[in-house]
Each structure stands twice: as structure tokens, then as C-alpha cells.
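Close look at the chain arrangement
In case you want the letters, here they are:
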Amino acid sequence: MLIISLFDATGKTFIKNWQFDQSSHIRIGRDPENQVVINDPLVSRFHADLQANSQWQLTSHGTNGTFVNGQKVDRATLISGNMLQLGIGGPILRFEVIGAVHCQHQGNTPDRLFCIHCGQPVVVVKTIRDYQILKPLGQGGMGSTYLAWNQQKMLVLKEMNADVAKNTKAQELFEREAKILSTLQHVGIPRYQDFFTEGGKRYLAMDLVHGQDLERYIISKGPVTLQQAIAWMLQLCEILTYIHSQRPPLIHRDVKPANLLVSNVGQQIFLIDFGAVKESGSLGSTRIGAPDYMAPEQNQGKPVTQSDLYALGPTILFLVTGENPSKYLTLTAKGYEFSVKNVPTITPKLADVIHKISADRASERYATAAEAAIALQNCL
């Protein structure tokens, strides 16, 4: 069997692989007619040919060149384990001929998830249905999240603990999250993939976002500029506009830095963890949310769409100061408000926006996320 595994330009991040049992001629390139199709601007339409005689022979046709183990070649005889790079700085392919002997995954560094020889997972913690669990990502009271592989792509698999599943309310929230995510399609929301029950536990599979949540980002790298914080919040406003425009409107109820992922590529913001999501107007008065980012009416179990907007104020404070936003919360005659006029990194115009967006009363805030976005845009 011939396995061609695709990695990113660093050779560390596995993307996918192709397996060939009997093929003797394989074409590689961007064009859909190729057997190995790679959509990358550095890859030519028909970049390279692989032909099997007594050995596999590579012929390069790529405008940006083809490199075997770092050396540019026009023609080359390949052996199992060769690394092919398509163009300088382009994607990397691992060429591997697998015989009857099972790959022992030798020579892989401890941090490598996929074998450099066969392209398969180096360590599988456990298997749940069609999902191979590669490593845990996090654990909370409701359950755990894992990095999973289904032979096609990496995903996040969210597991609800069996004991928690006995709680009718918790079960309802988990199923509601899956149902609602299955209906949402927005670039800033990880896509729903699957929902099932196995061994008394419920599971939710979603697309993996390669990035870091803003809480960890700030803790590890420190505060960001005002311009960066506002740029991220403008993206968040687009996501909130989308979920608030559903029929009926959806209220996330847990907007906070830990639930905002920033992607490694493109600095795209993703809103995650819809476990507390609620349809506007539906019955129920459960108090859900993070205290430092929770609107007063939500604390009373009566959230509205403006409750999600409230969280933007303390989130901006955390992003530009690196400090807990409760430090700036003061009690006034109208209720609690964020006093930020004396914060050096906050301009007077932005201070006014934070004051309005996080007003104690929902009626005094911006009516919609779109209005909040306009106000934030004017602060740049």
C-alpha cells in the first residue's frame, strides 16, 4: 500500500492522507483531475507525477519546483519515508510504502500526533464509535472535550459525563446545544458535525479551530492594543447579530474571553460553548453565566439579547488591561457600572461606549449588536 500524507509547510501539522492499493501512476496538483488534489497557490495544476516500475519515480512539472528531503529535483527515485515539498514554503507530502509489517511509529517526537512514516495517529487514547481520541483538551463539571480523528479530519468531541447525564436539566441543555448548533452556519461558529449516545454518555462533535481562547491568549502574551481589541469585538458583534437574528432570537448567555477563540491563521474570532444558549422568550429562569461578564438581568434569570452585549464591555477591559474587569466595577446611584475614564489604555470615546454597552439596565444599552459595532468602529 502507498500512503501519501499531507502536512503544512512546517511538516508538523498533519492535514490528510491518500491511500493507494494498486495504482501505478499518481498525479499530484491543484486540478481536480489529479489523484492527489492539493488546493494551495504554490502548487501547480499538474505539479508532479509518480510512476511505479521496479521503484517509484517522481517527475516534477511544478512552476515553483519540487523538493525531496530539501533538495530540488526534476526527477528522482523515491524510497519509503521521503518528504516532498511542493514549492519553496509550500505544503509537504510524506511518501510511505506500507507492507504487511505494522508501522511501529518509530522516530516520532513526543509532541507529534501523526506518524511521520504512515500518517496515522501515534497514540490513540481510546476509540468512541468512529472517533479516535488523540488527547484531552479540557474538563469541566458537565464533561470533557477531546481532540479526535475520524480518518478524514480532526474534530473536537465533547463528552457529557454519565453521572451528569442523569440530571434532566443538564441533559436538556446538552441536547439543546447540539440541536441549535446543527442549525447554525456562520464563519465565526464552529460547525456541528455529529451528536450521538454511546455507553450511557452523550457526545457532540464539532469542527476544530486551530487557535487559542482569549483568556489564555492574554494570560500568556499580555494585553493587546486598543485597535486589536476593538477589531476582535467587531467580529464578535457580527456573530451576535447572526444569532440574535434567528427566529426566535438566540441568547448565548456565556460570552466571555474563555469562550472566544482566535484562530492562528487570520486572527478570526470564534464564539464557542453554546451549552447555555437560550431561545428568547422561552420559559425558565436558570441563572447561568460568568459573574464578571454577566448582565444584572441575566443574574436574575431574565436574559435578553442585550445581555450578550453587556459582556463586550468587561471583555474589552480584560483584553487591554489584562486585569479582572471587576476591578473597575463601581456602585453608583443608577446601579453598578464600569468606571474606566481614568484607565490609560481606554480613550474617552471608548469609555463612553463601554459605559453604554454595559449599562446596568438593558434598556439603556445599545439595542442591537449592529448598533454596538457602529459605536466601536467610531472609536478606531
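Residues numbered from 1 in each chain as written. Predicted model: local features only at pLDDT ≥ 70, side-chain atom pairs only at ≥ 80, totals over all residues. Heavy atoms only, no water.

A closer look at the sheet that holds strand 14 (residues 143-149)
Reading across from one edge, 12-13-14-15-17-16 is the order of the six strands in this open sheet, with antiparallel pairing throughout. Across the chains shown, the open sheet's two edge strands, defined by having one partner strand only, are strand 12 (126-128) and strand 16 (192-198). Strand-to-strand twist of the sheet, defined as the mean angle between neighbouring strand axes without regard to direction, takes the value 35°. Of the pairings in the sheet, the one linking strand 12 to strand 13 (residues 131-139) comprises three bridges and is antiparallel in character. Note on strand 13: the bridge partner recorded for Thr-127 is Gln-132. In the packing of helix 2 (residues 168-181) onto the sheet, the strands contacted are strand 15 (154-160), strand 16 and strand 17 (201-207), and the crossing angle to strand 17 comes to about 30°. (Pairing = 2+ DSSP bridges. Helix = DSSP H or I, 4+ residues; strand = E, 2+ residues; numbered from the N terminus. Axes fitted to C-alpha atoms, helices over the stretch in contact; angles between N-to-C directions. Contact = heavy atoms within 4.5 Å.)

Looking at the layout of surface pockets
What the second largest pocket holds in volume is close to 550 Å³. When residues in the lining of the second largest pocket are grouped by element, the largest group, three residues, is from strand 2 (residues 14-20). Among the residues making up the lining of the second largest pocket, the classes are represented as eight nonpolar, five polar and five charged. (1 Å grid on protein atoms, 1.4 Å probe; cavity = no way out; pocket = protein on both sides within 12 Å on 5 of 7 lines; lining within 4 Å. Points joined across faces, edges and corners; volume = space filled by probe spheres on them. Nonpolar A, V, L, I, M, F, W, Y, C, P; charged D, E, K, R; others polar.)

Some points on the pairing of strand 24 (residues 335-338)
Of the pairings in the sheet, the one linking strand 23 (residues 329-332) to strand 24 comprises four bridges and is antiparallel in character. The residue of strand 24 that forms the bridge with Thr-330 is Glu-337. Hairpin remark: strand 23 followed by strand 24, antiparallel, with two residues in the connecting loop.

Points about empty space enclosed by the protein
Throughout the structure, instances matching the rule amount to one cavity of 30 Å³ or more. Lining the largest cavity are 11 residues, and of these Arg-253, Asp-254, Val-255, Tyr-293 and Gln-298 sit closest to its centre. When the residues that make up the lining of the largest cavity are grouped by side-chain class, the tally is five nonpolar, three polar and three charged.

What about the environment of Ala-311?
Assignment of secondary structure puts Ala-311 in the loop between helix 6 (305-310) and helix 7 (312-321). Expressed as a C-alpha distance, the spacing of Ala-311 and Gln-51, which sit 260 residues apart in the sequence, is 59 Å. In this structure, Ala-311 is in contact with Val-255 and Tyr-293, ignoring residues within four places of it in sequence.

A look at a nonpolar patch on the surface
On the surface, Leu-329, Leu-331 and Tyr-336 cluster together into a nonpolar patch covering about 300 Å² of accessible area. The topology assignment puts Leu-331 in strand 23. (Patch = residues over 30% accessible without salt bridge, like charges linked within 9 Å, V, L, I, M, F, W, Y side chains within 5 Å. Areas by Shrake-Rupley, 256 points an atom, 1.4 Å probe, with all protein chains shown as cover. Salt bridge = Lys/Arg side-chain N within 4 Å of Asp/Glu carboxyl O.)

Overview of the sheet that holds strand 6 (residues 56-60)
Taking strand neighbours across the sheet as the criterion, the five strands line up as 4-3-5-6-9 in an open arrangement whose pairing is mixed. Of all the strands in the sheet, the pair left with one neighbour each is strand 4 (36-37) and strand 9 (75-78). Pairing between strand 3 (residues 25-29) and strand 5 (residues 48-52): four bridges, direction antiparallel. By the bridge assignment for strand 5, Ile-26 is matched with Leu-50.

As for the packing of aromatic side chains
By the definition in use, this model includes 10 aromatic pairs. On the numbers, 6.2 Å between centres and 75° between planes, the contact of Trp-56 with Phe-95 is edge-to-face. Of this pair, Trp-56 sits in strand 6 while Phe-95 sits in strand 11 (residues 92-97); the two residues are 39 residues apart in sequence, bridging distant segments of the chain. Like Trp-56, the residue Phe-95 is buried in the burial classification. Between Phe-174 and Phe-195, the ring centres sit 6.1 Å apart and the planes meet at 45°, which makes this aromatic pair tilted. (Phe/Tyr/Trp six-rings, centres within 6.5 Å; stacked < 30°, edge-to-face > 60°. Buried < 20%, exposed > 50% of the residue type's maximum accessible area, 1.4 Å probe, protein only.)

Quick notes on the nonpolar core
Of all hydrophobic cores here, the largest spans 64 residues; its most connected members are Ile-346, Leu-350 and Leu-376. The element best represented in this core is helix 4 (residues 226-244), accounting for 12 residues. By size, the runner-up hydrophobic cluster in this structure holds 22 residues, among which are Ile-28, Val-43, Ala-48 and Phe-95. (Core = buried A, V, L, I, M, F, W, Y, C linked by side-chain atoms within 4.5 Å.)

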